[in-house]
Amino acid sequence: MSTTWATRRKTRIDDLSAGRSLTSEAFRRLRRDPVALTGATIIGVFVVIAALAPLIAPHGAAEAFPALQENLRPGSIPGPQDGFPLGGDQLGRDFYSRMLLASQQTLLVGVLATVIGLIVGIVIGTLAGAFGGWVDTVLMRVTDVLLAVPSLLLAISVAALAASPSQTTVIIAVAVVGVPIFARLLRGSMLSQRDSDHVIAATALGVKRPAVVLRHMLPNAIGPVIVQATLTLATAILDAAALSFLGLGDADPGRAEWGLMLAQAQSYLDVRPALAFYPAIAIIVVALGFTLLGESLREALDPKGSR
Amino acid sequence: MLRFVLRRLAQVVPTLLLLSLLVFAWLRSLPGGPASAFLGDRATPERIAELNRVLGLDQPIFVQYGRFLGRVLTGDFGASTITGQPVLAEIGRALPATVELSVLALVIAVALGIPLGYLAAQHRGGPVDIATVIGTLIGVAVPVFFLGYLLKAFFAVELGWFPPSGRLSIDVDATNVTGFVVLDGLLTREFDASLDALSHLVLPAVALATIPLAVIVRITRASVLDVLGSDFVRTANSKGLAPGTVRSRHVLRNALLPVSTTIGLQVGLLLAGAVLTEKVFVWGGIGTLLADAITLKDYPRLQALLLLGALVYVLVNLLVDLSYAIIDPRVRL
Amino acid sequence: MTPLLEVDDLRVAFRRRGEPDTVAVDGVSFDVAPGQVIGLVGESGCGKSVTAMAIMRLLPARGVRVTGSVQLDGVDLLGLSESQMRERRGKDLSMVFQDPLSSLNPVIPIGLQVTEVLARHRGMAKEPARKAAADLLERVGIPDPRRRLGSYPHQLSGGMRQRALIAIALACRPRLLIADEPTTALDVTIQAQILELLRELVRETGAALIMITHDLGVVAGLCETVNVLYGGRIVERAQRHRLFGTPRHPYTHGLLRSIPRLDAPSGEELVAIRGSVVDNLPWEHACAFAPRCPRAVDLCTGTTPLAETSGGRLLRCHNPVPASAE
């Protein structure tokens, strides 16, 4: 019996002395958090479906079928039948295949928009946070102005610039919304790093400025930005859907994307509500997945959250 | 106090100037330049050249910006390319519809959000809390326009409790005084008109309120949790104060500080949400103007809406900052 | 004299899902007579603050189990309903906290924070309460008290804030005051003033005072009886002079030897207690202090020492420091 408490004590001290970083501690906490696990599972399933979509979808996204088109009348869209488990859509295409293939496009739009916004935001935030002074002032003034425009309005004005809407304009428009948020967050986080002891120590030891910024400040400051990026993935998908609804979405009729499908299905809501419900539920679940993961990430990284 | 107001106002000016510069640059970067964008289908090289001269686009760029700024400051945003009417007048006519909708949505969000958030925090980890948190997470994940259609399909079409679209029933004869239909009905003592207008407002306002409601609930909950764990609440309890006093004077007073900032930020969400909601409910407000401007590439109107939207947003947040300074004695004026 | 407060076998256990209970206070018993000043001393984590919170019934209801009894004037506080307890808090017993800035509500004026106690327990109307509050602020040494009623906490200095907190705690002349590290967050010069003020006030009002601190200097100047806590239990209790003169528990001994003293011969080394509180052993099988104890013998890691009382001293140790040492 003496071993039980002796070993227990030992592991307890090992825990403290092993110098486990905050992030690995956070990761350990995340793995036991049911909220994080739910979010991660949803995203995992979503990504797997998106990756395998071309293999598991029985038909193409643009492929129309006479069997479905024949029964296509105003006020009637064919429901589930042999070979088409979810029925057809308003153009006589296989709805089931389109749902599957759309996961890929939705993931693409969400991830690309977030990553582009993230990269630009990181560059701006790093410059502002690392140099301070007038560089900081100018960059932050610009981000302030962008933040002063309500996000969807900003996306709309960017998307409206394009001569004709396309997937690229949607991605860029949604990415622009994220830039000022990421930049501000990173800058604030960098500023608190700039005055921290380890950065002052590195500078005092004669480490060159870019090295201090990239090796010491950025890695320690990036946490909140990553959390925000996870949350942004959810809003990016929703914003893209809103743009589609306003007629600023992808103009390619053959492409299947959940936001686009949902927007187009609004006209057939009373004819075949399933056309709207399936993409809507898919969007809600996926957005929920990213939000759950993002929120629990935030809580795990926040030292206050551990109480 | 006055100095604080002036200083904050002074901070807003460069933001707005920079914004005007961005909008100006935005106009300049339109495909084919502003002239061809303004002319749309009617664009021919001669017409573009003519319009460029008329619009002063052959002038040096800073002269153009100066003129643009001058026009904007005098409220001249040009004429809509759809209707040919002055943009500002159009906006003025559509504004009451959107304000009415947004105000009701905000009232719903605040009136439900703060008590719900408080309740969830107080029963942290309990069934009420978990249900509330899940509700808010789903609330922000539902596309607004889809929710609008859902509400419409169920409560208007299926159950027939509320009218599906518009601001007034056709058979209701309402006198226009202010443009705010609910208010007009009260002013002219046409109460049936007010009632009719209210019943039209319910569904779009609920749809529009969803996201702000979810956000306010979550911020209130987090903020109350934070305050409940604070030392001064412990002190208040150690004094044996009645639970009601602790709640209102100590917990809520402090917890509502961050919530008030959030409410200001919601105005941005409302503006954006209005675009989607108004389209669903054929509302005919600012959002409808904007949606039409997008589809029909009405750049003068877009430009005006963009500038005014940002202006309102900035001013509302200024107002929030000021009220914050009044509630929080630590913010010295 | 019958004791004012009798704490008997107080146990506080924190329960966490999926983890064994953490016992923060483990069978603590002590008495306080009216007008008496006693000390609870120990490192952070020894359970002294939790003891205070348990007496005040300020621990969260969920996830915490409090057993034993806490009798104030023969009434078991642990058996009272929450609303009965609220009637007593601030009136019969009250508490002064460590960090005066965070312990005061930042958004309402000091005056209201004093008057609300008077209104609650004395039923005072607004004006008389303001008058009484001004008198209280004056009594605790806040200059220009009338004007200070309208001040907010952030407008006062640290010492003034602590004085205000003391004024709030003593507003209804409670018979028991618990002060939890009341001077820790303050400058050294202010610390002495606040301690002096507390001493005067308890003498004046006849209140009993439980002083909770990690600072033996505070105890030496103030307390008649001192309880030394380690790992949630009282390991030694004695009159101040006996405890400081002949500490018997190795922990008390170590604490005293780790304090720099001006009257010590130059060249004498300070002796630190090795390790830290995380090195505790669970009490069920051993003495919690054993891993850090210089006098530990085999018995210490195998059997829990029992509390023994002799000659007015309580001691919980298998191998105490001999009474003659030093």
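Residues numbered from 1 in each chain as written. Chains lettered and ligands numbered in written order. Predicted model: local features only at pLDDT ≥ 70, side-chain atom pairs only at ≥ 80, totals over all residues.

So what about the overall build of chain C? Which residues, and what values?
Counting secondary structure elements, chain C contains 11 helices and 12 strands. For chain C, the C-alpha radius of gyration of 21 Å lies close to 20 Å, the compact-globule estimate for 326 residues. With the C-alpha coordinates of chain C rotated into their principal frame, the extents come out at 65 × 50 × 40 Å. Considering only intrachain contacts with a sequence separation of at least 6, the fraction spanning at least 24 residues in chain C is 62%. (Helix = DSSP H or I, 4+ residues; strand = E, 2+ residues; numbered from the N terminus. Rg over C-alpha atoms; globule rule 2.2 N^0.38 Å. Contact = placed C-beta atoms within 7 Å.)

Explain the overall build of chain B residue by residue, including any values.
Of the regular secondary structure elements, chain B holds 13 helices and 0 strands. The order of helices and strands in chain B, counted from the N terminus, is α-α-α-α-α-α-α-α-α-α-α-α-α. Taken over 333 residues, chain B has a buried fraction of 41%. Within chain B, residue pairs in contact and separated by at least 24 positions form 69% of the contacts whose partners lie at least 6 positions apart. (Buried ≥ 20, exposed ≤ 12 C-beta atoms within 10 Å, placed from the backbone.)

Tell me about the sheet that holds strand 8 (residues 208-213) of chain C, and please be specific about residues and values.
Residues and elements named next belong to chain C. A sheet is described by the order of its strands in space; here 8 strands give the open sequence 6-7-8-3-9-10-12-11, paired in mixed fashion. Strands at the two margins of the open sheet, each flanked by one partner only, are strand 6 (93-96) and strand 11 (308-310). Each strand of the sheet is rotated relative to its neighbour by a mean of 20°, with strand direction disregarded. Bridge count for strand 9 (residues 225-230) against strand 10 (residues 233-239) is 6 bridges, and the pairing is antiparallel. In the strand pairing of strand 10, Thr 225 is matched with Gln 239. (Pairing = 2+ DSSP bridges. Axes fitted to C-alpha atoms, helices over the stretch in contact; angles between N-to-C directions.)

Just give me the short version of the environment of Leu 101 of chain A, but keep the residues and values in it.
Residues and elements named next belong to chain A. Within the secondary structure, Leu 101 is located in helix 5 (residues 95-131). Look at Leu 101 and you get buried, because 24 C-beta atoms sit within 10 Å. Sequence-wise, Leu 101 and Leu 233 are 132 residues apart; in three dimensions their C-alpha atoms are separated by 19 Å. Residues within four places of Leu 101 in sequence aside, it is in contact with Ala 53, Ala 57, Ala 61 and Ala 256.

So, the interface of chain C and chain B: which residues are in play, and what are the values?
Where interface size is quoted, it is often the accessible area lost as the parts come together. Facing 26 residues of chain C, the contacting portion of chain B comprises 21 residues. Sorting the residues of the side of chain C that touches chain B by element identifies helix 2 (82-88), strand 6, helix 3 (100-103) and helix 4 (110-122) of chain C as the ones contributing at least two each. In terms of residues, the side of chain C that touches chain B owes the most to one element, helix 4 of chain C, which gives 4 residues. Tallied by class, the residues present in the side of chain C that touches chain B amount to 11 nonpolar, 7 polar and 8 charged. (Nonpolar A, V, L, I, M, F, W, Y, C, P; charged D, E, K, R; others polar.)

Run through the interface of chain A and chain B, naming residues and quoting values.
At the interface, 34 residues of chain A touch 34 residues of chain B. Contributions of two or more residues to the side of chain A that touches chain B are made by helix 6 (133-148), helix 7 (151-161), helix 11 (223-245) and helix 13 (274-301) of chain A. For the side of chain A that touches chain B, the element with the most residues is helix 13 of chain A, which contributes 8 residues.

Quick rundown of the packing of helix 5 (residues 87-122) of chain B against helix 13 (residues 299-327) of chain B? Include the residues and the values.
All names here are of chain B. Between helix 5 and helix 13, whose axes approach to 10 Å, the crossing angle comes to 55°. With respect to each other, helix 5 and helix 13 are oriented oblique. At the point where helix 5 passes helix 13, the crossing takes the right-handed sense. In this structure, helix 5 contributes Val 87, Leu 88 and Ile 91 to the contact, and helix 13 contributes Pro 300, Arg 301, Ala 304 and Leu 308. Within the contact of helix 5 with helix 13, the residues separate by chemical class into 6 nonpolar, no polar and 1 charged. (Parallel < 35°, antiparallel > 145°, perpendicular 65-115°, else oblique. Left-handed = near helix turned anticlockwise from the far one by under 90°.)

So what's going on with the sheet that holds strand 5 (residues 75-76) of chain C? Which residues, and what values?
Ordered in space as 2-1-4-5 (chain C), the 4 strands form an open sheet in which the pairing is antiparallel. Bordering the open sheet on either side are strand 2 (19-32) and strand 5 of chain C, each of which pairs with just one other strand.

I'd like a description of the environment of Arg 194 of chain A, backed by residues and values.
Residue and element names in this part refer to chain A. Within the element layout of this structure, Arg 194 appears in helix 8 (residues 167-194). Residue Arg 194 is classed as partly exposed on the basis of its 18 C-beta neighbours within 10 Å. Along the sequence, Arg 194 and Gly 60 sit 134 residues apart, while their C-alpha atoms lie 53 Å from each other. Discounting residues that sit within four places of it in the chain, Arg 194 has contacts with Gly 129, Val 199 and Met 217.

I'd like a description of unusual backbone geometry, backed by residues and values.
All names here are of chain C. Of note in the backbone geometry, Asp 9 takes a positive phi value of approximately 50° without being a glycine. Its place among the elements puts Asp 9 in strand 1 (residues 5-16). C-beta crowding within 10 Å serves as the criterion here: with 11 such atoms nearby, Asp 9 is assigned to the exposed category. Phi is positive for Arg 173, close to 50°, though the residue is something other than glycine. Tracing the backbone through its elements, the reader meets Arg 173 in the loop between helix 7 (158-170) and strand 7 (176-180). Classification of Arg 173 as partly exposed rests on a count of 16 C-beta atoms within 10 Å.

Can you lay out helix 7 (residues 144-158) of chain B for me, pointing to particular residues and giving the numbers?
Owing to its 3.6 residues per turn, the α-helix aligns residues three or four sequence positions apart on the same side. Between its first and last C-alpha, helix 7 of chain B extends 20 Å over 15 residues, near the 21 Å set by a 1.5 Å rise per residue. For helix 7 of chain B, the principal kink sits at Lys 152 of chain B and spans about 25°. Residues of helix 7 of chain B that are buried: Val 144, Phe 145, Phe 146, Leu 147, Gly 148, Tyr 149, Leu 151 and Lys 152 of chain B. In this fold, the buried residues of helix 7 of chain B make contact with helix 11, helix 12 (258-265) and helix 13 of chain A together with helix 9 (191-228) and helix 11 (243-280) of chain B. Backbone geometry just after helix 7 of chain B places Gly 160 of chain B at a positive phi near 70°. (Expected span 1.5 Å × (residues − 1). Bend = angle between axes of the 7 residues up to and from the residue.)

How would you explain the pairing of strand 8 of chain C if you had to name every residue and give the values?
Residue and element names in this part refer to chain C. Here strand 8 lies mainly inside the structure; 6 of its 6 residues are buried. Burial along strand 8 is two-sided: Ala 208, Ile 210 and Ile 212 and Leu 209, Met 211 and Thr 213, pointing in opposite directions, are all buried. Sheet analysis places strand 3 (residues 37-41) next to strand 8, joined by 5 bridges and oriented parallel. Following the sheet pairing, Gly 39 is matched in strand 8 by Met 211.

For the pairing of strand 4 (residues 64-72) of chain C, give the residues involved together with the corresponding values.
Residues and elements named next belong to chain C. The pairing of strand 1 with strand 4 spans 8 bridges and is antiparallel. Note on strand 4: the bridge partner recorded for Glu 6 is Gln 71. Linking strand 4 to strand 5, which pair antiparallel, is a turn of 2 residues; within it Asp 73 sits at a positive phi near 55°.

Quick one: what's the story with the packing of helix 12 of chain A against helix 13 of chain A, residue by residue and with numbers?
Residue and element names in this part refer to chain A. One way to put it is that helix 12 packs onto helix 13 with a least axis distance of 8 Å and a crossing angle of 145°. As for the relative orientation of helix 12 and helix 13, their crossing is left-handed in sense. Of the residues in helix 13, those touching helix 12 at Trp 258, Gly 259, Met 261, Leu 262 and Ala 265 are Leu 275, Ala 276, Pro 279, Ala 280, Ala 282 and Ile 283. Of the residues assigned to the contact of helix 12 with helix 13, the class counts are 10 nonpolar, 1 polar and no charged.

Could you give me a rundown of the nonpolar core, with the residues and numbers involved?
Judged by nonpolar contacts, the single largest core of 265 residues is most densely connected at Ala 155 and Ile 283 of chain A. No other element matches helix 9 of chain B, which puts 19 residues into this core. If near-sequence neighbours (up to four positions away) are discounted, Ala 155 of chain A is found in contact with Ala 173, Val 174, Val 176, Val 177, Asp 239 and Leu 243 of chain A. (Core = buried A, V, L, I, M, F, W, Y, C linked by C-beta atoms within 7 Å.)

Before we move on, can you summarise the environment of Val 12 of chain B with the specific residues and values?
All names here are of chain B. Structurally, the position occupied by Val 12 is in helix 1 (residues 2-28). A residue is classified by how many C-beta atoms lie within 10 Å of it, and Val 12, with 16 of them, is partly exposed. Put simply, Val 12 and Leu 318 are 306 residues apart on the chain and 8.1 Å apart in space, counted from C-alpha to C-alpha. Filtering out sequence-adjacent residues up to four positions away, Val 12 remains in contact with Val 314 and Leu 318.

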